[in-house]
Amino acid sequence: RSFSQALEELERAGLSSFFKGLLSARDYGEQEAGPALYLRALRRMGTTPRATAVFTTRPDQRESLEQLALFPVLVGPTAREAGQGDGFIPDYREMTRSL
């Protein structure tokens, strides 16, 4: 998705205020999210890996996130179907319920 599409979806869901910023792989010349992008995001946000959750709809990203000591939160039915029970939410709106 494009940056503007992601921002529109967050605003429509009432979630944009929960994010410090958005980071796109394309913004950094990357084809897709991966270790290089995650490390850039950490530097940009000034957070440590253990204090950073990464919300993703892609279960295939879990292993690389965990290798960097980041906490993956898998979003959506695809994540649940992949058998990834820890750090799972059904949709992005659910992340605000515990705040």
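Structure: see above.
Parameters at a glance
- Residues numbered from 1 in each chain as written.
- Predicted model: local features only at pLDDT ≥ 70, side-chain atom pairs only at ≥ 80, totals over all residues.
- Heavy atoms only, no water.
- Pairing = 2+ DSSP bridges.
- Helix = DSSP H or I, 4+ residues; strand = E, 2+ residues; numbered from the N terminus.
- Buried < 20%, exposed > 50% of the residue type's maximum accessible area, 1.4 Å probe, protein only.
- Right-handed = clockwise from strand over helix to strand, strands pointing away.
- Polar contact = N/O pair within 3.5 Å; in protein donor to acceptor, adjacent residues only side chain to side chain.
- Contact = heavy atoms within 4.5 Å.
- Core = buried A, V, L, I, M, F, W, Y, C linked by side-chain atoms within 4.5 Å.
- Salt bridge = Lys/Arg side-chain N within 4 Å of Asp/Glu carboxyl O.

A. Representation of the sheet that holds strand β1 (residues 53-56) within the structure. Read across the open sheet, the three strands follow the order β1-β2-β3; overall the sheet is parallel. Two strands in the sheet have a free side with no partner beyond their single neighbour: β1 and β3 (88-89). As paired elements, strand β2 (residues 71-75) and β3 share two bridges and run parallel to each other. Bridge pairing links valine 75 to isoleucine 89 in β3.

B. How the structure looks around the pairing of β1. Here β1 shows one buried face, formed by Val54 and Thr56, and one open face, formed by Ala53 and Phe55. Pairing analysis gives four bridges linking β1 to β2, with the strands arranged parallel. Across the sheet, residue threonine 56 finds its bridge partner in β2, namely leucine 74. As a crossover connection, the stretch from β1 through helix α3 (residues 62-67) into β2 is right-handed.

C. Region of the structure containing the side chain of arginine 62. Here arginine 62 shows up in helix α3. One polar contact links arginine 62 to glutamate 66, side chain to side chain, over a distance of 2.9 Å.

D. Spatial organisation of the side chain of glutamine 61. Relative to the elements of secondary structure, glutamine 61 occurs in the loop between β1 and α3. You can call glutamine 61 buried: its relative accessible area is 5%. When sequence neighbours within four positions are dropped, the list of residues in contact with glutamine 61 reads Glu32, Ala33, Gly34, Tyr38 and Thr56.

E. Structural detail: the nonpolar core. Formed by Tyr38, Leu42, Val54, Leu65 and Leu70, the largest nonpolar core amounts to five residues. Apart from the residues within four sequence positions on either side, leucine 42 is in contact with Thr47, Thr48, Pro49, Thr52 and Leu70.

F. Broad picture of the environment of alanine 6. Of note, alanine 6 is situated in helix α1 (residues 3-12). Counting along the chain gives 10 residues from alanine 6 to serine 16, while the straight-line C-alpha distance between them is 9.6 Å.

G. Fine view of the pattern of salt bridges. Throughout the structure, instances matching the rule amount to two salt bridges. The shortest N-O distance in the salt bridge between arginine 58 and aspartate 60 comes to 2.8 Å. Aspartate 60 gets classed as exposed once you look at its relative accessible area, which sits at 51%. A salt bridge links glutamate 66 to arginine 62; its shortest N-O distance comes to 2.9 Å. On the criterion of helical spacing, the pair formed by glutamate 66 and arginine 62 is a turn pair, its members being four residues apart in helix α3. Under the relative-accessibility criterion, glutamate 66 is labelled partly exposed at 41%. On the basis of relative accessible area, arginine 62 is assigned to the buried category, the value being 16%.

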